[in-house]
Amino acid sequence: MNSFSYNKAHDVAEAVADIQEHEGARFIAGGTNLLDLMKENVMKPAHLTDINRLDLADIKENEEGGLTLGALVTNADTAWNERVEQRYPLLSKAILAGASPQLRNMATNGGNLFQRTRCYYFYDTATACNKREPGSGCSAINGINRIHAILGTSEHCIATHPSDMCVALAALDAKVNVTGPNGDRTVEFGDFHRLPGNTPHLDNNISQGELVTSIDLPPSNFTKNVFYLKVRDRQSYAFALVSVAAALDLEGDVIKDIRVAMGGVAHKPWRRREVEESYIGKVASTENFRALAETMLTGAVGFGGNTFKIELAKRAIVRALNEALKSGENL
Amino acid sequence: MTTESAVLEEPVVKKQELPEFELVNLTINGQSFKLKLQPWVSLLDAIREYAGLTGTKKGCDHGQCGACTVLINGKRINSCLTLAVMRDGEAITTIEGLSDGVVNHPLQDAFIEHDAFQCGYCTPGQICSAVGMINEGRANSLEDVQELMSGNICRCGAYNNINAAIMEVKSKMA
Amino acid sequence: MKTQYIGKPVSRVDGLAKVTGSAKYSADFKVEGMLYGYIVSGSIAKGRIISIDTSGAMSLKGVLQVFTHENVSGLPWFSIKYKDMDAPTGSPFRPLHDDKIIYSGQPVALVVAETFELARYAASLVHVSYQEEDFTTDLVKNMDQSYKAPVGKLGYVSPKSRGNADEAFDQAAFKMSGSYQHGAEHHNPMELFSTTAIWENGKLTVYDKTQGVSNCQFYIGNVFGLAYKDVRIISPYVGGAFGSGLRPQYQLFMAVLAALELKRPVKVGLTRQQMFTFGHRPVTLQQLQLSASTDGSLESIKHEAFSETSRFENYTEIIVNWSGTMYNCDNVKLKYELVGLDMYTPVDMRAPGAVTGAHAIESAMDELAYELKMDPLIFRLKNYADEDQTEEKPFSSKELIACYREGAEKFGWTKRSIGPRSMREGNQLIGWGVATAAWDAFQAPARAKALLSIDGKLIVSSGTSDIGTGTYTIMTQIAAESLGLKIEDVTFKLGDTNMPLAPLEGGSWTAASVGAAVKGVCEDVKKKLKKMAVKTKTSPFYDTSSKDIVFDSGIISDVNDSSKSISIVDLMRIAGVNSIEETSTSGPNPINKMKYTFNSHAAVFAEVKVDEDLGIVRVTRVVCAVAAGKILNPKTARSQILGGVVWGISKALEEESKMDHQYGRFMNHNLSEYHVPVNKDINDIEVIFVEEKDDIVNPLGVKGVGEIGIIGVAGAIANAVFHATGVRVRNLPITMDKVLQIAEDDKNQVAV
Ligand SMILES: Cc1cc2nc3c(=O)[nH]c(=O)nc-3n(C[C@H](O)[C@H](O)[C@H](O)COP(=O)(O)OP(=O)(O)OC[C@H]3O[C@@H](n4cnc5c(N)ncnc54)[C@H](O)[C@@H]3O)c2cc1C
Ligand code: SF4
Ligand code: FES
Ligand code: FES
């Protein structure tokens, strides 16, 4: 861990000003990702702006009729919030599938969006990694890549975004509210994270001085037939090889609306609205789910160790949708 | 939409200055500690090396094992992934705070009775985690306990006994 | 005798210390003026260090020294001085010895500073430039380099073949061939290795994490040229080790080096990443060919194993020999070879060798049973070995049939339908598998000291260790029972070179070895007390025969006349004796060892549920029936077996250190990506100890339970996965991609 200076900010303005004032500064919220990476010398901020005292720790009703999740609400408090459990069970389930109870008590909603890849090489400064050190090369492409991406990769990086929460947020059409030196803006969830392309060092479209203040969830009809499937190498406390956030809004057995987002397969949560839309009005059946899954995976490329994920992801989509279908029956 | 940004380029650390000391007030097990710490001291190291309470263990220092679990205002967290300065003014309970020297927490006795450990290294974390879990009130079955205790690795593999101890205490409390 | 503790489920005597946080592990000792060391790990697999720039680190206020090969001198040149008691043949790694890099992650510098954080930061400022050389770390690609495993490592014996297996195989009616692959594994005890060294008045005191304090004393004495008597190693609690603490690890060297140089106490701890830089269970490839006649009698067993080792030491373990003793078979051909690679030497890891070999032979037995269309349990019973055919000796005891019987009954084995994919629950395929396990029951010489004081309290000590195995507890039980004392009046101490010498704690031999010494020394004290009873004039036993004297709860009485009695305390008082001190040595009986084979056994039954679409395997039930002689404490012994089963599940489904051969480096070097089971992975585990009486193996009749629990588990699970899915996954760990047969470059998993 490098040497850094530290300030506690007391309000949003102070936080934004503090980060401007210090070169190489970062916000620190729960610290569960940043401190991990600082101890590995992967991230070396010269200054930390502690945002934990900011008044961003509430879950509120928003004007649209949905909920607004404060950036500093912990993952645990979000998942176990009664309104979230009732109105956004998919989000609740996704969060609870991630990390551990202790980590969820620390991890914040804002921080979760920014968590970085778990690529082995990114974490190990003895190896080449374009994300950590642009231009040094990508060790994973010809290396150990069981946990790596199969969609939206580039020759420069095949890392995945490891979040579970973000997969559900993507499925639910969340929006992220950001404030910064140039004022406030709102970012559609699909535009929040990036694909690696030529700039694998950039995870997202938020600049360093910008602070996420909250996440808006629009009102949602996906309250019954939802399922979050996380496929991983152990039953808990492990990152996803493939995860699927599946949600169905049904009329009888006909799909009124459908959401499918995948985690563990790309540099960002993977969702294709046009594919979802093409199933609206169709019957919710295994055959249709399989066909949808095939389309979702078009263009998928494996790198050896992770090639199995292509087939696995398809099966996971089918399973998650079938479980979503079933979960409505139990209610 | 994109803001052209260089978000994740790591700043070059130019200065070799060391972090400044700050006064950090921690209440650990009801006792107040005024520690002069640099911000790079984790809460775990503050508890162990600066406050001298070595019951809390370091198993990975990266949030991957749960050995460092302590309770902050009754909530369980991994003390290795938070800085002591970030916890200024907070009330922390460690394994040493669960027993008053005469009377143990029921979980402590149940752990002994059920042989819920072997080497004992994960045990302080397991017990603090179980206390935190019980406070959360979400574990209603053995299956829930298995999931909600999965943030604490026991390499000796004492899980069945850990769960038996927890289930017994839970049933007595109910 | 009424006082009875042996065989009782006594709760751990160190339990209170462990649940209250007062048990002190090696990193928990804080000494006035202590400095902190942080190790810089090398980044290349092979080559030379051209330069090390320590100026950035040294310029920081509070950094005392950066030790590198350039400034460490005066240490012995000859590598023999670095040999420890568990070293294989070859020449041991010497930290900071010269500019040579021989494996990735090799320690290249030690930064010592006033605080841990400062040392860590300064370590990040140490810049090392290397000249890289070609290296190779891939066993599979270097099979042509294999050589016969040499003897010389403690406990290793070369495999012995018999009969003519090739011919028998060619002629047999039923046969199977298969190759099995095991990935590398690291022990990863929860406790990080850590050492605190204090150099004071010409004496060195060291708090270390180790499975053998005397091994560390020996090593440090030799390396640093200190008299053994001036080196004291203390290790009262060990947070797991599983073999990783058998050899002194490099943080010990580092802490001592710095403490001697800087003349201040120094603590050096490893990071979790560094826990992947000093020895592992080796990658192993095995070939099995078995054949049987139409009635299911084994005709031949051919078992070959190839394991990786470093280029500097020949790590050997017993993998294939087990196939010569497990089943009755006249034609056995065994082979075990090593391949030297550019990596650190592997080190013994829980049930070394046996767990690797057993998975292969037990899977192969299952495969052949299917060829024969025979129930795999009946097939095993059909080929039961009544004697050790390799050594042509009887077993001192072998209750394996009882293990099969009691295990099968508990498990409900008879309800199993034989065909693969014949049992299911919705989309979960259910499979049941069985496997056998065997392990050696060792005993080594050990010493113990007893001190009985006038208050009736007994302190027994021996320089052994308790790595979670329950040593504290069972030795207390043995001492209390041997001397007829209440257990509260007995304290057992361990983990200190000031105590009498005990062997390394490993291989499940501590209960037998140290237990015998404890029993022996208590018998000696008893003799003294008896003598005192008949020689002291005011004693009720004065001038009577000592053979009628019995001890119970601290009271000495006449076996025929209970009114004639005196407490030990009173006897010592009237005899004017303040304390009785005895030291005694016990060792194995060499004649018995020559005449018999000493093995513990187990039968493991496993149930798996496999998700038909996703390939996810869950182990829902395990029954492990163990025959391990006398069980000293069923509570702690059960925990040992539970732990072994958890390790077996881990080996079967989760654990693997992934080496990137581009770098020659293990890449998943953390507990997030190196998977070991979490709570949710573990379900029902039933442990059965079958009755096994053995007066031959050792005076206590114990065989040890540290390893036997893990050995059969991976085989039983692999067999259960086959039964569930019809896919024979021969490469461990069994991950979903292999089960679904969608893993790339993976031709070794076969479906029927
Ligand atoms: C062992 C382990 C296992 C895990 N497993 C999972 C898992 O299975 N699934 C999963 O989804 N996650 C998992 N996580 C990741 C965890 O969810 C994230 O670390 C956590 O959500 C990050 O939140 P934080 O508040 O701690 O972020 P911090 O570490 O405080 O910050 C992370 C980054 O976000 C920035 N940041 C934080 N808040 C803001 C804000 N409001 N505005 C702008 N920037 C901000 C910081 O500057 C920093 O760069 C795991 C973590 C660990 C250590
Ligand atoms: S996949 Fe991306 S993060 Fe991983 S090594 Fe390649 S560039 Fe780095
Ligand atoms: S030490 Fe904190 S989780 Fe492992
Ligand atoms: S008791 Fe040893 S790690 Fe849990």
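The residue count restarts for each chain, going from 1 along the sequence in the order it is written. All chains are assigned letters beginning with A, and all ligands numbers beginning with 1, in the order in which they are written. Restriction of local features to residues with pLDDT of at least 70 applies here, the model being predicted, together with a cutoff of 80 or more for giving and counting side-chain atom pairs; totals for whole chains, interfaces and linings are based on all residues. No hydrogens and no water enter the side-chain calculation; it runs on all heavy atoms of the structure.

## What to know about the overall build of chain C
Helix and strand labels come from DSSP, where a helix needs a run of H or I of at least four residues and a strand needs a run of E of at least two; each type is numbered from the N terminus. Check the secondary structure of chain C and you find 18 helices and 36 strands. Radius of gyration: C-alpha atoms only; globule rule: 2.2 Å multiplied by the number of residues to the exponent 0.38. A compact globule built from 752 residues should have a C-alpha radius of gyration of about 27 Å, and chain C, at 27 Å, falls within 12% of that. Exposed residues in this analysis have more than 50% of their type's maximum accessible area, buried residues have under 20%, and partly exposed residues fall in between, with area computed by a 1.4 Å probe over protein chains only. Counting all 752 residues of chain C, 68% fall into the buried class. Summarising the internal contacts of chain C: among those between residues at least 6 apart in sequence, 80% fall at separations of at least 24. Counting only carbon and sulfur atoms, one obtains 50% of the accessible surface of chain C, whose full area is about 25000 Å². Taking the average location of the 80 positive side-chain charges in chain C and that of its 88 negative ones, the two points are 5 Å from each other. Working rule for contacts: check all heavy atoms of both residues, and any pair within 4.5 Å makes them a contact. Only the protein chains shown count as cover for residues, and all accessible areas are computed by the Shrake-Rupley method using a 1.4 Å probe. When charges are counted, Lys and Arg are positive and Asp and Glu negative, with His and the chain ends excluded. For the purpose of locating charges, the reference atoms are NZ of Lys, CZ of Arg, CG of Asp and CD of Glu.

## A few points about the packing of helix H15 (residues 634-653) of chain C against helix H17 (residues 713-725) of chain C
All names here are of chain C. Interaxial angles span 0 to 180 degrees and are taken between N-to-C directions of axes, which are lines fitted to C-alpha atoms, for helices over the stretch in contact. For the pair H15 and H17, interaxial distance at closest approach is 8 Å and the crossing angle is 50 degrees. Classified by the interaxial angle, the pair formed by H15 and H17 is oblique. Once H15 is placed against H17, the crossing between them reads as right-handed. When H15 is examined against H17, the residues Val 645, Gly 648, Ile 649, Ala 652 and Leu 653 are found in contact with a partner set consisting of Val 713, Ala 714 and Ile 717. Between 65 and 115 degrees an angle is taken as roughly perpendicular, under 35 as roughly parallel, over 145 as roughly antiparallel, and anywhere else as oblique. Crossing chirality is assigned from the near helix's rotation relative to the far helix, an anticlockwise turn below a right angle marking it left-handed and a clockwise turn marking it right-handed.

## A closer look at the pairing of strand S22 (residues 446-453) of chain C
All names here are of chain C. Side chains Ala 446, Ala 448, Ala 450 and Leu 452 project from S22 onto a buried face, and the interleaved Arg 447, Lys 449, Leu 451 and Ser 453 project onto a face without burial. One ladder, built from 8 bridges, connects S22 with strand S28 (residues 579-586); its direction is antiparallel. For Lys 449, the partnering residue across the bridge sits in S28 and is Thr 583. Where S22 lies against strand S23 (residues 458-461), 4 bridges are found, and the strand directions are antiparallel. The residue of S23 that forms the bridge with Lys 449 is Ser 461. Criterion used throughout: strands pair if DSSP finds at least two bridges between them. The antiparallel pairing of S22 with S23 creates a hairpin that spans 4 residues between the two strands, and Gly 456 there sits at a positive phi of about 85 degrees.

## Comments concerning the site of ligand 2
What surrounds ligand 2 is a group of 14 residues, the closest being Cys 119, Cys 129, Cys 138, Cys 157 and Ile 158 of chain A. Ten residue types, Ala, Val, Leu, Ile, Met, Phe, Trp, Tyr, Cys and Pro, are classed as nonpolar, four, Asp, Glu, Lys and Arg, as charged, and the remainder, Gly among them, as polar. Its residues assigned to classes, the shell around ligand 2 shows 9 nonpolar, 4 polar and 1 charged. Consider each residue's heavy atoms; a residue with any of them within 4 Å of a molecule or strand counts as near.

## Comments concerning the side chain of Arg 728 of chain C
All names here are of chain C. By secondary structure assignment, the location of Arg 728 is in strand S34 (residues 727-728). Looking at Arg 728, the relative accessible area reads 4%, which means it is buried. Polar contacts here mean pairs of N or O atoms no more than 3.5 Å apart (in protein, one a potential hydrogen donor and the other a potential acceptor; neighbouring residues in sequence count only if both atoms are side-chain atoms). Polar contacts involving the side chain of Arg 728 include one to the side chain of Asp 366, which spans 3.0 Å.

## Quick notes on the environment of Ile 742 of chain C
Position of Ile 742 of chain C among the secondary structure elements: in the loop between helix H18 (736-739) and strand S36 (750-751). Contact partners of Ile 742 of chain C, with chain neighbours within four places excluded, come to Phe 308, Glu 311 and Leu 312 of chain A together with Asp 737 of chain C.

## As for empty space enclosed by the protein
All names here are of chain C. A 1.4 Å probe that fits into a set of points on a 1 Å grid over the protein atoms alone but cannot get out defines a cavity; an open set with protein on both sides within 12 Å along at least five of seven lines defines a pocket, and lining residues are those with an atom within 4 Å of a point. Grid points are joined across faces, edges and corners, and a volume is the space filled by probe spheres set on the points. Scanning the entire structure with this criterion turns up 10 cavities of 30 Å³ or more. Contributing to the lining of the second largest cavity are 20 residues, with Ser 104, Gly 105, Phe 276, Thr 277 and Phe 666 lying nearest its centre. Partitioning the lining of the second largest cavity into residue classes produces 7 nonpolar, 11 polar and 2 charged. Composition of the lining of the second largest cavity by domain shows at least three residues from each of domain 1 (31-134 + 189-271) and domain 2 (157-184 + 280-442 + 594-745). Residue ranges assigned to the domains are those given by an automatic or database domain assignment.

## Looking at the UniProt feature "domain: Aldehyde oxidase/xanthine dehydrogenase a/b hammerhead" (unreviewed entry) in chain C
UniProt positions are given in the numbering used here, feature names are shortened, and annotations may be inferred rather than shown by experiment. Mapped onto the present numbering, the UniProt feature "domain: Aldehyde oxidase/xanthine dehydrogenase a/b hammerhead" (unreviewed entry) falls on residues 20-134 of chain C. Taken end to end, residues 20-134 of chain C comprises 12% helix and 32% strand; its first and last C-alpha atoms sit 51 Å apart.

## Focus: the sheet that holds strand S4 (residues 75-78) of chain B
All names here are of chain B. Strand order in this open sheet of 5 strands is S2-S1-S5-S3-S4, and the pairing throughout is mixed. Strands with a single pairing partner mark the edges of an open sheet, and in this sheet they are strand S2 (31-37) and S4. Going from strand to strand, the sheet's axes swing by 40 degrees on average, the running direction of each strand aside. In this sheet, S4 lies alongside strand S3 (residues 69-72) in antiparallel orientation, the contact comprising 4 bridges. Within S4, the position partnered with Thr 69 by the bridge is Asn 78. Relative to the sheet, helix H1 (residues 43-50) contacts strand S1 (22-28), S2, S3, S4 and strand S5 (91-93), its axis offset from that of S2 by approximately 105 degrees. Each of S3 and S4 is contacted by helix H3 (residues 123-136), which is oriented at about 40 degrees to S3, the strand it contacts most.

## A short note on the site of ligand 1
In the neighbourhood of ligand 1, 36 residues make up the surrounding shell, with Phe 27, Gly 31, Thr 32, Thr 108 and Asp 164 of chain A lying closest. Among the chains of the assembly, those with residues near ligand 1 are chains A and B. For ligand 1, whose accessible area on its own is 970 Å², the fraction buried by protein is 96%. Elements with a contribution of two residues or more to the shell around ligand 1: strand S2 (25-28), helix H7 (109-114) and strand S8 (211-217) of chain A. Split by residue class, the shell around ligand 1 holds 16 nonpolar, 15 polar and 5 charged.

## Thoughts on unusual backbone geometry
In this structure, Pro 733 of chain C follows Leu 732 of chain C across a cis peptide bond, with omega equal to -5 degrees. Unusually for a residue other than glycine, Asn 29 of chain B sits at a positive phi of about 55 degrees. Inspection of the secondary structure puts Asn 29 of chain B in the loop between S1 and S2. When its relative accessible area of 27% is taken as the criterion, Asn 29 of chain B is described as partly exposed. The phi angle at Lys 263 of chain C is positive, at roughly 55 degrees, despite the residue not being glycine. With respect to the element layout, Lys 263 of chain C can be found in the loop between helix H6 (250-262) and strand S13 (266-269).

## Here's the deal with the packing of aromatic side chains
How two aromatic rings sit relative to each other is given by the distance of their centres and the angle of their planes. The pairing test for Phe, Tyr and Trp rings, Trp by its six-membered ring, is centres within 6.5 Å, and the orientation test on the planes gives stacked under 30 degrees, edge-to-face over 60, and tilted for anything in between. By the definition in use, this model includes 32 aromatic pairs over all chains. Geometrically, the ring pair formed by Tyr 121 of chain A and Tyr 663 of chain C is tilted, given 6.3 Å between the ring centres and 40 degrees between the ring planes. Of this pair, Tyr 121 of chain A sits in helix H8 (residues 120-123) while Tyr 663 of chain C sits in the loop between strand S31 (659-660) and strand S32 (665-666), on two different chains. One aromatic cluster is present, built from ring pairs that chain together Tyr 121 of chain B together with Tyr 25, Tyr 237 and Tyr 472 of chain C. By definition, being over a ring means that NZ of Lys or CZ of Arg is both within 6 Å of the ring centre and within 35 degrees of the ring normal. The ring of Phe 411 of chain C carries the charged tip of Arg 621 of chain C above its face, separated from the ring centre by 4.2 Å. One cation-aromatic arrangement involves Arg 728 of chain C over Phe 722 of chain C; the distance from NZ or CZ to the ring centre is 3.9 Å.

## What to know about the nonpolar core
Generally speaking, a soluble globular protein has its nonpolar side chains buried in company with each other. With 311 residues, the main nonpolar core has Met 262 and Ile 317 of chain A, Phe 111 of chain B together with Leu 458, Val 518, Leu 529 and Ile 717 of chain C as its most contacted residues. Looking at this core, the element that brings in the most residues is helix H12 (residues 510-535) of chain C, giving 12 residues. What is meant by a nonpolar core is a set of buried Ala, Val, Leu, Ile, Met, Phe, Trp, Tyr and Cys residues, joined one to another through side-chain atoms within 4.5 Å. Among the nonpolar cores identified, the runner-up in size contains 50 residues, and Leu 67, Ala 171, Val 178 and Ile 206 of chain A belong to it.

## A few points about the interface of chain B and chain C
In this assembly, 48 residues from chain B lie in contact with 67 residues from chain C. Of all residues in chain B, Trp 40, Gln 118 and Arg 155 of chain B give up the largest surface area on contact with chain C, accounting jointly for 18% of the area buried on that side. Put simply, a salt bridge is a Lys or Arg side-chain nitrogen that is within 4 Å of an Asp or Glu carboxyl oxygen. Joining chain B to chain C, the criterion identifies 8 salt bridges. Arg 48 of chain B is paired through a salt bridge with Asp 28 of chain C; the nearest N and O atoms lie 2.8 Å apart. Between the two partners, chain B and chain C, sit 34 residue pairs in polar contact (both at pLDDT 80 or more). Of all elements in the fold, only H1, helix H2 (106-113), H3, helix H4 (142-148) and helix H5 (159-173) of chain B reach the threshold of two or more residues within the side of chain B that touches chain C. For the side of chain B that touches chain C, the per-class residue count stands at 19 nonpolar, 17 polar and 12 charged. A simple way to read buried area is as the amount of 1.4 Å-probe accessible surface that goes missing from two parts once joined, with both sides added.

## Regarding the packing of H2 of chain B against H5 of chain B
Residue and element names in this part refer to chain B. The interhelical angle for the contact between H2 and H5, taken along N-to-C directions, is 135 degrees, at an axis separation of 9 Å. Considering the angle they form, H2 stands oblique to H5. In this structure, H2 meets H5 at a crossing whose hand is right-handed. Residue-level inspection shows Pro 106, Leu 107, Ala 110 and Phe 111 of H2 in contact with H5, the latter providing Ile 162, Ala 165, Ile 166, Glu 168 and Val 169. Taken together, the residues that form the contact of H2 with H5 break down as 8 nonpolar, no polar and 1 charged.

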